[in-house]
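# Observations on the three-dimensional arrangement
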Amino acid sequence: MVRPFDRAWLFLSVLLALVVLASFDVVWLLTDGPMSPPELIFAGIVAVGGTCIGLLALHYWRQRRTVSASTRLAAIVEWCDDAVIGLSLDGVIDSWNPSAERIFGYRAEEIIGRHGSLLLPEDDPERSMGLLPRIAEGEVFQNHEATHVRKDGRLVELSLSISPLKDRIGEIVGIAVVGRDITAQAAEQRMLLEQRQRLARIMETAGDALVSMDEDGAITEWNAAAERTFGWPAAQVIGRPLRDVLIQPQDRAAHDTGFARLLRTRVPTLATGEPIRVVARHRDGRDVPVEMKLWLTEHNGRMEANAFLRDITAQQQMEAERSRYEARLAHMATHDTLTDLPNRALLMDRLTMALNRTRRTGKTVTLLYLDVDRFKEVNDTFGHTIGDQLLTTVASRLRQSVRPSDTVARIGGDEFVILCDDQAKPEDVSVIVARLTSTVSRPIVLPTCVLNPEISIGHANSGDQPTADELVQAADEAMYQHKRGRRAAVPTG
């Protein structure tokens with residue numbers, strides 16, 4: 001493309017040529033014939049003079065244009081926010097704009113003529129000066145980041161554009177450096193990098209397993225705790241589908257459904273802020289109960305699901321043990337330690353509830369009160385161990401002789417109480433008493449002796465006694481009325 005200035009130059013050249021020709025034509029016409037030597041000299045003077053005048057005008061025009069362009073370029077350099085520095089090919093500073101003064105703290109008269117290595121840290125003076133030979137060969141560097149030193153000794157980070165300067169014939173005569181102060185940005189980037197590195201160290205050394213999954217369901221994060229918890233090295237699981245690594249086969253369909261809903265809604269149903277308990281899969285196929293806390297992140301428009309997983313196998317074992325212990329304590333609070341029958345407290349609770357029901361149903365509650373005859377003689381003769389065996393055997397036989405809905409309780413010593421709830425007919429009590437007496441009275445064969453237990457039984461019905469305490473007292477009195485000279489055990493020698 002022909003520039004406007006080139007078009008003007010072409011136009012003036014043609015115009016000068018026409019002037020020369022016109023000069024000869026004028027002289028030819030004036031002489032009206034062939035020109036004499038003086039006339040030729042005159043025509044030549046006219047032509048040369050016109051040409052010189054034109055060339056002088058053209059030179060003035062071009063010089064003015066060059067000065068104007070230089071003035072504009074100088075103004076741009078003067079007001080540029082970036083440092084603009086000129087260097088000789090051997091690195092000596094020969095130009096220095098106001099932004100360079102602001103960035104480095106040196107005035108132009110202080111720095112021009114000095115070597116550019118003055119602006120570099122002492123521990124690495126060749127960091128940027130080493131590029132000079134390459135630039136002298138015509139190489140250009142863009143966005144070259146380097147650390148420089150201000151006049152006051154503070155370090156400044158610059159992003160440099162370095163290029164060779166050429167003269168009109170294309171020879172490299174110097175070096176142009178444009179530097180942008182990126183100290184604040186570099187500090188921020190270092191801070192972000194340090195934060196990421198610190199976070200990575202925390203995640204890697206965390207006691208809980210950290211597992212992340214991208215939108216395709218592939219594992220993207222797997223820390224050392226995840227390796228310990230699930231048995232998989234990170235190198236073998238990164239990029240693999242999480243469902244194939246951590247989800248048991250029978251749970252994968254539910255996992256796929258939940259993950260599809262998560263992609264659609266971007267709302268995790270499990271991200272409640274509180275840990276939840278799920279079952280994961282170990283490398284060897286066994287279940288790993290874990291406590292999981294889930295959250296979502298988004299990067300470049302893509303979602304990532306992240307979870308902390310804590311192995312709670314030992315915790316669940318402790319909780320199960322504690323539950324068993326608490327259940328045992330509760331059982332001990334309501335049951336006899338020797339026979340494991342309900343104690344007085346549990347009996348009275350059940351008796352009170354049964355009496356309350358009778359007021360609604362109209363049915364009868366029967367309470368049987370019994371003790372083992374001559375139990376003290378057995379203890380005195382054979383010892384408390386044999387006495388305990390007698391009581392546990394009697395307790396077992398009493399349980400076998402009543403309905404599952406009835407309650408057999410030991411309320412102290414050799415005394416037992418049987419609660420027969422919803423007793424339909426009072427005459428059935430005699431059948432129950434006969435069955436109890438027959439069952440309990442069978443001989444008990446022990447390594448050191450044979451016992452022939454006998455029991456005394458009394459009973460009372462709810463229709464006669466309004467409260468639980470009164471019913472127990474009435475049954476107790478009835479038992480003593482029937483107790484006459486029975487022996488709890490007879491030694492056989």
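Above this note sits the structure.
Residues numbered from 1 in each chain as written. Predicted model: local features only at pLDDT ≥ 70, side-chain atom pairs only at ≥ 80, totals over all residues. Heavy atoms only, no water.

Before going further, it helps to spend a moment on the environment of Val417. The topology assignment puts Val417 in strand β13 (residues 415-423). Given a relative accessible area of 0%, Val417 falls into the buried group. For the pair formed by Val417 and Leu398, sequence separation is 19 residues and the distance between their alpha carbons is 9.8 Å. Setting aside chain neighbours within four positions, we find Val417 in contact with Leu347, Leu367, Leu368, Tyr369, Thr407, Val408, Ala409 and Ile411. (Helix = DSSP H or I, 4+ residues; strand = E, 2+ residues; numbered from the N terminus. Buried < 20%, exposed > 50% of the residue type's maximum accessible area, 1.4 Å probe, protein only. Contact = heavy atoms within 4.5 Å.)

Ordered by their spatial adjacency, five strands build an open sheet running β7-β6-β10-β9-β8, and the pairing between neighbours is antiparallel. Where the open sheet ends on each side, the last strands, each with one partner, are β7 (219-222) and β8 (276-281). The sheet shows a mean angle of 35° between the axes of neighbouring strands, taken without regard to direction. As paired elements, strand β6 (residues 209-214) and strand β10 (residues 302-311) share six bridges and run antiparallel to each other. Looking at β10, one finds that Asp214 is bridged to Glu304. (Pairing = 2+ DSSP bridges. Axes fitted to C-alpha atoms, helices over the stretch in contact; angles between N-to-C directions.)

Okay, the sheet that holds strand β4 (residues 155-166) next. Read from one edge to the other, the open sheet built from five strands follows the order β2-β1-β5-β4-β3, with strand pairing classed as antiparallel. At either margin of the open sheet sits one strand with a lone partner, and together these are β2 (93-96) and β3 (141-149). Strand-to-strand twist across the sheet, computed as the mean angle between neighbouring axes with direction ignored, equals 30°. Both β3 and β4 contribute to a ladder of seven bridges, which runs antiparallel. Each residue of the ladder has a partner; that of Phe141, found in β4, is Ile162.

Along an α-helix, residues three or four apart share an orientation, since each turn contains 3.6 residues. Turning to helix α14 (residues 375-382), its buried residues number three or more, namely Phe375, Val378 and Asn379. Down the axis of α14, the buried set is contained in an arc of 95°. They therefore lie on one face. Opposite the packed face of α14, turned more than 90 degrees from it, sit the exposed residues Lys376, Asp380 and Thr381. As for α14, its buried residues are in contact with β11 (364-372), α15 (384-400) and β15 (450-451). Looking one or two residues beyond α14, the residue adopting positive phi is Gly383, at roughly 100°. (Arc of directions from axis to C-beta.)

Remark: α15 packs on helix α16 (residues 428-440), axes separated minimally by 9 Å, with the N-to-C direction vectors making an angle of 140°. By the angle between their axes, α15 is oblique relative to α16. Crossing angle aside, the handedness with which α15 passes α16 is right-handed. Together, Val394, Arg397 and Leu398 of α15 and Leu436, Thr439 and Val440 of α16 make up the contact between the two elements. (Parallel < 35°, antiparallel > 145°, perpendicular 65-115°, else oblique. Left-handed = near helix turned anticlockwise from the far one by under 90°.)

Bringing unusual backbone geometry into the picture now. Unlike most non-glycine residues, Asp340 shows phi in positive territory, near 65°. Note that Asp340 resides in the loop between α12 (313-334) and α13 (344-361). Within the chain, Arg374 stands out as a residue other than glycine whose phi angle is a positive 50°. Relative to the helices and strands, Arg374 resides in the loop between β11 and α14.

A separate point is a nonpolar patch on the surface. Taken together, the side chains of Tyr325, Leu329 and Met332 present a nonpolar region at the surface, about 300 Å² in accessible area. Inspection of the secondary structure assignment puts Leu329 in helix α12. Take Leu329: its relative accessible area is 40%, and that puts it in the partly exposed class. (Patch = residues over 30% accessible without salt bridge, like charges linked within 9 Å, V, L, I, M, F, W, Y side chains within 5 Å. Areas by Shrake-Rupley, 256 points an atom, 1.4 Å probe, with all protein chains shown as cover. Salt bridge = Lys/Arg side-chain N within 4 Å of Asp/Glu carboxyl O.)

With respect to the helices and strands, the residue Val278 is situated in strand β8. Here Val278 falls in the partly exposed class, since its relative accessible area comes to 28%. Along the backbone, Val278 and Val290 are 12 residues apart, and their C-alpha atoms lie at a distance of 5.6 Å. Contact partners of Val278, with chain neighbours within four places excluded, come to Val288, Pro289, Val290 and Met292.

Turning next to the packing of aromatic side chains. All chains considered together, the criterion is met by three aromatic pairs. Between Trp295 and Phe308, the aromatic rings sit 5.5 Å apart at their centres with planes inclined by 40°, giving tilted as the arrangement. Placement of Trp295 in strand β9 (residues 287-299) and of Phe308 in strand β10 is noted, with a sequence separation of 13 residues between them. With relative accessibility at 30%, the residue Trp295 sits in the partly exposed group. Under the relative-accessibility criterion, Phe308 is labelled partly exposed at 25%. Residue placement shows Arg240 over the ring face of Trp232; its charged tip is 5.1 Å from the ring centre. (Phe/Tyr/Trp six-rings, centres within 6.5 Å; stacked < 30°, edge-to-face > 60°. Lys NZ or Arg CZ within 6 Å of the ring centre and 35° of its normal.)

Once that is clear, we can look at the pattern of salt bridges. Evaluated as defined, the whole model comprises 23 salt bridges. Asp256 serves as the salt-bridge partner of Arg243, at 2.9 Å between the closest nitrogen and oxygen. Placement of the pair is Arg243 in helix α10 (residues 242-246) and Asp256 in helix α11 (residues 252-265), with a sequence separation of 13 residues. Close ionic contact of Lys376 with Asp380 constitutes a salt bridge, the shortest N to O distance being 2.9 Å. In this pair, Lys376 and Asp380 are both assigned in helix α14, four residues apart and thus about one turn of the helix distant. Connected through salt bridges with shared partners, the residues Arg107, Glu109, Glu110 and Lys151 form a single ionic network.

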